Amino acid sequence: MLEHLEQGDVSETIQEFFEKSRKFKPAKKSTLTLQEVDEFLEELSSLTKEDEQMNHLKIFAAKCTGNDLKVVIRLIKHDLRMNAGAKHVLDGVHPDAYQAFQSSRDIKTVITRCLGNKDKSSKAKIELMTPVLPMLAEACKSVEQAMKKCPNGMYSEIKYDGERVQVHKKGSEFKYFSRSLKPVLPHKVAHFKDFIPQAFPHGKDLILDSEILMIDTHTGKPLPFGTLGIHKKSEFRDASVCLFVFDCIYYNGEILTNKPIKHRKQILKENMTEIQNHIVFSELEEIHDPKDLSNMIAKVLKLGLEGLVLKDMMSIYEPGKRHWLKVKKDYLFGGAMADSADLIVLGAWYGTGKKGGMMSIFLMGCLDEDNDKFCTVTKVSTGHDDKTLERLQNELDMVKISSDAAKVPNWLRCTKTMTPDFVARDPKSQPVWEITGAEFTKHEVHTADGISIRFPRVTKIRDDKSWDTATTLKELKVLYTKSKENTDVSLLMKETSEESGGSSSSPKRKKPNESPKQDKSKKNTLEDFVKRDEKGVKRKLSGRESDVKRAKTSSNYKKVEIKNPLPNYFENVKVVLKDSIRDREPEVIRYFIAYGGVVLRNENGGITHVVHLKNSTDEPDSKYGPDVKHVTVDWIKNCVASESICDYRPYVVCWKPT
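A quick note: this is a predicted structure, and the numbers were derived from the prediction, not measured.

K.L.:
So, the packing of aromatic side chains: which residues are in play, and what are the values?
P.N.:
In the structure shown here, the tally under the stated rule is 12 aromatic pairs. Each ring, one from Tyr 160 and one from Phe 244, has its centre 4.4 Å from the other, and the planes form 35°; the classification is tilted. Of this pair, Tyr 160 sits in the loop between strand E2 (154-159) and strand E3 (163-170) while Phe 244 sits in strand E6 (residues 239-251), and the two are 84 residues apart along the sequence. The pair Tyr 160 / Phe 244 is uniform in exposure class, with both members buried. Summarising the aromatic geometry, the rings of Phe 362 and Trp 433 are spaced 5.0 Å apart at their centres and angled 80° between planes, so their arrangement reads as edge-to-face. On the criterion of sequence distance, the pair formed by Phe 362 in strand E13 (residues 359-368) and Trp 433 in strand E18 (residues 432-437) is long-range, its members being 71 residues apart. The class for Trp 433 is buried, based on a relative accessible area of 0%. For the cation-ring pair, Lys 265 lies above Tyr 155, with the distance from its terminal atom to the ring centre recorded as 5.9 Å. Geometry around Tyr 648 places Lys 629 over its ring, the cationic atom sitting 5.3 Å from the centre.

Below is the structure:
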């Protein structure tokens, strides 16, 4: 049974063994009605003891065929596996049924209203004490995108690293719902009933959209993500759970979802009084200028905060819609600002659903050189397409241990929670993958000094690396410290400078009262990659002096000044790009130029390197001479990541004639 269960669908496993059972035989013919199934599920949901639930299921199973029981199990698991969601079903009931369901999530009320109004409109209606699907945000990848999406100006709010909570108050009764519309654990919110009446003295009935997180009562600063889960532990005596309120969608009988957020914010401002360390407004700024937005993004990232949520000032509250924008450092510049590490595949788990029966979740880790042990860092399940996953089933040399902690090999330091279904036969022969995530974080279930990666994804299979060149525990600690102490926002500030046609000094290098001096020795500027708006400058692609001179004298061009130049890591490095790298890896080349490198179009200009996309070529480039180094684009990436010129030898391109 356990082996069959590894295929990923528990309902099919139950069906197969139920039909083979001799002691408890299934019904020969299906006689169950929908009403009987509904009554069974209703009764099951009211039982809290395991023995009572098992007995109730046993009585009901006696009436089921194998297929009946399979479908009922899928109903219990909320997954009918029929490739159809609530929208497909409810659209068949009434054109407005799904919209009503999005707002109230009360299926009984929706069906009753829709079936009772066959020829009338059944528009969505907010109901107090019934959870409303929260409005969501889509990823915002640039300042330019934000300005286009918010033409009326925007509220730029701090994206707090806590838990989304919807607060319902009806007189003296309170309910709290999570992002998934489930009740919030009482220890996180129970005390708010004493403070909400103080914060809203005239608010008899209301629905608030908010975020809860732990804050230090001495400093007022938020504590790390996950501390809510250990609220009662002694190490957080000087902390308090605080409600950060950012929206109000119902107030004293008035539904506010169709009012612009500017109006909803005004209602909050007029009716809410902050209670220090308990109920406060979310921090925000009103933004109309792209430069102000760039500065605020840079500010929150340098402070180590998660990011921003941007909302058009005239937007309404649309339940379930992703019409807000969220800005995080791993979204910007194609992920160039995200945290990443090169980790070793140490183990794997079976997947579920269509990935059932195959390794699709992977345990990633690094080497602790001091103890000669491998530590766990994160588990990752995204980043590979179906073909790659299929290939990995044969390529990865794994030993099945079925999550048995007693079978974990001595070379692996692993907590019981992170014990995988498979472990590597030999970690030193395992592949290295680049794992990128929103940020480095701390998680006690991992053994690499607790360091982990939040929202991890595989961004590259590092064929050029092996276990001894992957990120070690020491290096991981340095990356974690750097990530928390200082976020490099130079690319962001540079984008602001380019878009505004002026310049922006980097707070990382100069104090506000200093007058930064331009380094005249730097002949390379970002003029090769400047893209301006309709006011002036077109894209400049040539690096020749005559073109630059013409750009400076033309009224259609503005000079790009960099008051705080970045370090010249690539000084005296002149490259020729092959394989359309400029089009395929534009952000990498942007980094290369920003850090002092020169891209040549004329192949007779003192070339030092030829950059290729792949690590092999079937045509020898002898025309460049014996001293010119042929490397992959990964060499540039690694140099940028390590902030120095790295050994080129691991990235040498080989000639493999066909």
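Still more ground to cover, so stick around.
K.L.:
Mind laying out a nonpolar patch on the surface, listing which residues take part and the relevant values?
P.N.:
A cluster of nonpolar side chains, namely Val 71, Leu 75, Leu 80, Met 82 and Val 89, defines an oily patch on the protein surface of about 380 Å² accessible area. Within the element layout of this structure, Leu 75 appears in helix H5 (residues 66-76).

K.L.:
I'd like a rundown of the environment of Ser 466, residues and numbers included.
P.N.:
Following the sequence through the fold, Ser 466 ends up in the loop between strand E21 (457-461) and helix H15 (473-485). A relative accessible area of 31% means that Ser 466 is categorised as partly exposed. For the pair Ser 466 and Leu 343, spaced 123 residues apart in sequence, the C-alpha separation works out to 9.5 Å. A polar side-chain atom of Ser 466 sits 2.4 Å from a polar atom in the side chain of Asp 468.

K.L.:
How would you summarise the packing of helix H3 (residues 34-46) against helix H4 (residues 50-61) if you had to cite specific residues and measurements?
P.N.:
Across the interface, H3 lies against H4 with an axial gap of 10 Å and an inter-helix angle of 170°. Put simply, H3 runs roughly antiparallel to H4. Of the residues in H4, those in contact with Glu 36, Val 37, Phe 40, Glu 43 and Leu 44 of H3 are Gln 53, His 56, Leu 57 and Phe 60. Looking at the contact of H3 with H4 residue by residue, the classes come out as 5 nonpolar, 2 polar and 2 charged.

K.L.:
Before we move on, could you go through helix H12 (residues 261-271) and cite the residues and values that matter?
P.N.:
For H12, the complete set of buried residues consists of Ile 261, Arg 264, Lys 265, Ile 267, Leu 268 and Asn 271. Summarising the axial view, the buried residues of H12 lie within an arc of 155°, below the 170-degree limit, and thus occupy one face. Across from the buried face of H12, at angles greater than 90 degrees, the exposed residues are Lys 269 and Glu 270.

K.L.:
With reference to specific residues and values, describe the pattern of salt bridges.
P.N.:
Enumeration over the complete set of coordinates arrives at 28 salt bridges. Notably, a salt bridge pairs Glu 306 with Lys 328, separated by 3.4 Å at the nearest N-O pair. Within this pair, whereas Glu 306 is found in the loop between helix H13 (290-302) and strand E10 (307-312), its partner Lys 328 is found in strand E11 (residues 322-328), the two being separated by 22 residues in sequence. Like Glu 306, the residue Lys 328 is buried in the burial classification. The partner of Lys 465 in a salt bridge is Asp 342, with the nearest N and O atoms 2.9 Å apart. Of this pair, Lys 465 sits in the loop between E21 and H15 while Asp 342 sits in strand E12 (residues 339-350), and the two are 123 residues apart along the sequence. Considered together, Lys 465 and Asp 342 belong to a single accessibility category, that of buried residues. When salt bridges that share partners are traced, they join Lys 159, Asp 161, Glu 306, Lys 328, Glu 439 and Arg 454 into one network.

K.L.:
How would you sum up a negative patch on the surface? Please name residues and give values.
P.N.:
On the surface, a cluster of negative charge is made up of Glu 36, Asp 38, Glu 39, Glu 42, Glu 43, Glu 50, Asp 51 and Glu 52. For the negative patch, the secondary structure elements donating two or more residues are H3 and H4. Examining the composition of the negative patch, we find that 5 residues originate from one element, H3, more than from any other. By the element assignment, Glu 52 lies in helix H4.

K.L.:
Describe the state of the cysteines, with residues and values.
P.N.:
Inspection of every chain in the model, using the stated rule, returns 0 disulfides. Considering cysteine sulfurs only, Cys 375 is the nearest to Cys 366, which forms no disulfide, with 5.2 Å between them. Classification of Cys 366 as buried rests on a relative accessible area of 0%. The structure places no disulfide on Cys 639, whose sulfur is separated from the nearest cysteine sulfur, that of Cys 646, by 4.1 Å.

K.L.:
Please give an account of the environment of Thr 459 that cites residues and values.
P.N.:
Looking at where Thr 459 falls in the secondary structure, it is placed in strand E21. For Thr 459, a relative accessible area of 37% translates into the label partly exposed. Each C-alpha atom, one on Thr 459 and one on Trp 433, is 7.6 Å from the other, the two residues being 26 residues apart in sequence. Excluding residues within four positions of it along the chain, Thr 459 makes contact with Glu 434, Ile 435 and Thr 436. At a separation of 2.6 Å, a polar atom in the side chain of Thr 459 contacts the side chain of Glu 434.

Parameters and conventions
- Along each chain, numbering runs from 1 in the same order as the chain's sequence is written.
- Residues qualify for local features only when their pLDDT is at least 70, as the model is predicted, and side-chain atom pairs are given and counted only at 80 or more; totals for whole chains, interfaces and linings, by contrast, use all residues.
- Calculated side-chain values reflect all of the structure's heavy atoms, with hydrogen atoms and water omitted.
- To pair, rings of Phe, Tyr and Trp, with the six-membered ring standing in for Trp, must have centres within 6.5 Å; the planes then decide the type, stacked if under 30 degrees apart, edge-to-face if over 60, and tilted in the middle.
- Numbering of helices and strands runs from the N terminus; a helix is a DSSP stretch of H or I covering at least four residues, while a strand is a stretch of E covering at least two.
- The cut-offs for exposure are 20% and 50% of the maximum accessible area for each residue type, with area from a 1.4 Å probe on protein chains only; residues under the lower value are buried, those over the upper are exposed, and the others partly exposed.
- Throughout this description, the term charge over a ring refers to an Arg CZ or Lys NZ atom that lies within 6 Å of the ring centre and within 35 degrees of the ring normal.
- Every patch collects residues that have over 30% relative accessible area and no salt bridge, joining them within 9 Å if they carry like charges and within 5 Å if they are nonpolar side chains (Val, Leu, Ile, Met, Phe, Trp, Tyr).
- Here the open area of atoms and residues is found with the Shrake-Rupley method and a 1.4 Å probe, where only the protein chains shown may cover a residue.
- When a carboxyl oxygen of Asp or Glu lies within 4 Å of a side-chain nitrogen of Lys or Arg, that pair is called a salt bridge.
- Polar contacts, as used here, are pairs of N or O atoms within 3.5 Å; protein pairs need one atom able to donate a hydrogen and one able to accept it. Residues neighboring in sequence count only if both atoms are side-chain atoms.
- The axes are straight lines fitted to the C-alpha atoms, using for helices just the contacting stretch, and the angles between their N-to-C directions are given from 0 to 180°.
- Working definition: roughly parallel below 35 degrees, roughly antiparallel above 145 degrees, roughly perpendicular at 65 to 115 degrees, and oblique for all remaining angles.
- The criterion used for residue contact is that any of the two residues' heavy atoms lie within 4.5 Å.
- For this classification, Asp, Glu, Lys and Arg are treated as charged, while Ala, Val, Leu, Ile, Met, Phe, Trp, Tyr, Cys and Pro are nonpolar and the rest, including Gly, are polar.
- For this quantity, the arc is that covered by the directions from the helix axis to the C-beta atoms.
- Counting rule applied: Lys, Arg positive; Asp, Glu negative; His and chain ends not counted.
- Each charge is placed at NZ for Lys, CZ for Arg, CG for Asp and CD for Glu.
- When two cysteine sulfur atoms are found within 2.5 Å, that pair is recorded as a disulfide.

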